[in-house]
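So the chains spell out like this:
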Amino acid sequence: MNNDDKQKIESIIEGREKSHIFFSQNSKVYEHFTKMEKAAFSDNALSRMHKELIAVGISVVIDCESCMQWHIKQAYDCGASKEQLLEAIEVGIEMGGGPATVSTRFALAVLEYYKII
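Note that the structure is a prediction, hence the values are computed from the model and not measured.

Draft legend 1. Expanded view of a nonpolar patch on the surface. A cluster of nonpolar residues, Leu46, Ile54, Ile58, Val61, Ile62, Val91 and Met95, forms a patch on the protein surface that exposes about 650 Å² of accessible area. Of all the secondary-structure elements, those providing two or more residues to the nonpolar patch are α4 (48-62) and α6 (82-96). The dominant element in the nonpolar patch, judged by the number of residues it contributes, is α4, at four residues. Residue position: Ile54 is located in helix α4. For Ile54, a relative accessible area of 45% puts it in the partly exposed group.

In structure tokens:
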């Protein structure tokens, strides 16, 4: 992993933590968003891990680096294996075509950052 990717990932993590200022500002929108997120990713017919893997693929398609960092880490913490994460990234490539292969470079950097690969 190059130093630029490492700094980008750490900046994303720091920025996400700073965004929680909305809680102290009594933001109803942010409160409802986090409630929706919790509901969407709770275990139901699909496990949270599987939902996180779906989100990894979507993150690659839409080229959302912050999303890739978050959902890769969440999926891994829920028990997703390296192979499952790589397959989720590959589904994103298939769904997104050539442009998604560019997004994959960052997804792989996140896997390296967390020492998954």
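Draft legend 2. Seen up close, the packing of aromatic side chains. What the rule picks out here adds up to three aromatic pairs. Ring geometry for Phe23 against Tyr30: centres 5.1 Å apart, planes inclined by 70 degrees, an arrangement best described as edge-to-face. You can call Phe23 partly exposed: its relative accessible area is 43%. Through successive ring pairs, a cluster of aromatic residues spans Phe22, Phe23 and Tyr30.

Draft legend 3. Representation of the pattern of salt bridges within the structure. This model, assessed by the stated rule, comprises six salt bridges. The partner of Glu65 in a salt bridge is Lys8, and the shortest N-O contact between them spans 3.3 Å. You can see Glu65 sitting in helix α5 (residues 65-77) and its partner Lys8 sitting in helix α1 (residues 3-19), a full 57 residues away along the chain. Between Glu52 and Arg48 there is a salt bridge; the shortest N-O distance is 3.5 Å.

Draft legend 4. Structural context of the side chain of Ser103. Structurally, Ser103 can be placed in helix α7 (residues 98-113). According to the relative accessible area criterion, Ser103 is buried, its value standing at 3%. Beyond its immediate sequence surroundings of up to four residues, Ser103 is in contact with Val60, Asp63 and Met68.

Draft legend 5. Seen up close, the nonpolar core. With 19 residues, the main nonpolar core has Leu53, Ile72 and Leu85 as its most contacted residues. Put simply, the parts of the chain that give this core at least two residues each are α1, α4, α5, α6 and α7. Ranked by the residues each element gives to this core, the list is headed by α7, at five residues. Ignoring anything within four residues of it in the chain, the contact list for Leu85 reads Leu53, Val56, Ile72, Ala75, Tyr76, Ala80, Leu111 and Ile116.

Draft legend 6. The arrangement of the side chain of Gln69 in detail. Among the structural elements, Gln69 can be located in helix α5. Excluding anything up to four places from it in sequence, Gln69 contacts Ile9, Ile12, Ile13, Arg16, Val110 and Tyr114.

Draft legend 7. Structural view of the state of the cysteines. In the structure shown here, the tally under the stated rule is one disulfide. Disulfide pairing is shown between Cys64 and Cys67; the S-S distance is 2.3 Å. Its S-S torsion of about 65 degrees marks the bond between Cys64 and Cys67 as right-handed, since a negative value means left-handed. According to the relative accessible area criterion, Cys67 is partly exposed, its value standing at 24%. In this model Cys78 remains outside any disulfide bridge; the closest cysteine sulfur is found in Cys67, 16 Å from its own.

Each value, and the rule that gives it
Residues numbered from 1 in each chain as written. Predicted model: local features only at pLDDT ≥ 70, side-chain atom pairs only at ≥ 80, totals over all residues. Heavy atoms only, no water. Patch = residues over 30% accessible without salt bridge, like charges linked within 9 Å, V, L, I, M, F, W, Y side chains within 5 Å. Areas by Shrake-Rupley, 256 points an atom, 1.4 Å probe, with all protein chains shown as cover. Salt bridge = Lys/Arg side-chain N within 4 Å of Asp/Glu carboxyl O. Helix = DSSP H or I, 4+ residues; strand = E, 2+ residues; numbered from the N terminus. Buried < 20%, exposed > 50% of the residue type's maximum accessible area, 1.4 Å probe, protein only. Phe/Tyr/Trp six-rings, centres within 6.5 Å; stacked < 30°, edge-to-face > 60°. Contact = heavy atoms within 4.5 Å. Core = buried A, V, L, I, M, F, W, Y, C linked by side-chain atoms within 4.5 Å. Disulfide = S-S within 2.5 Å.

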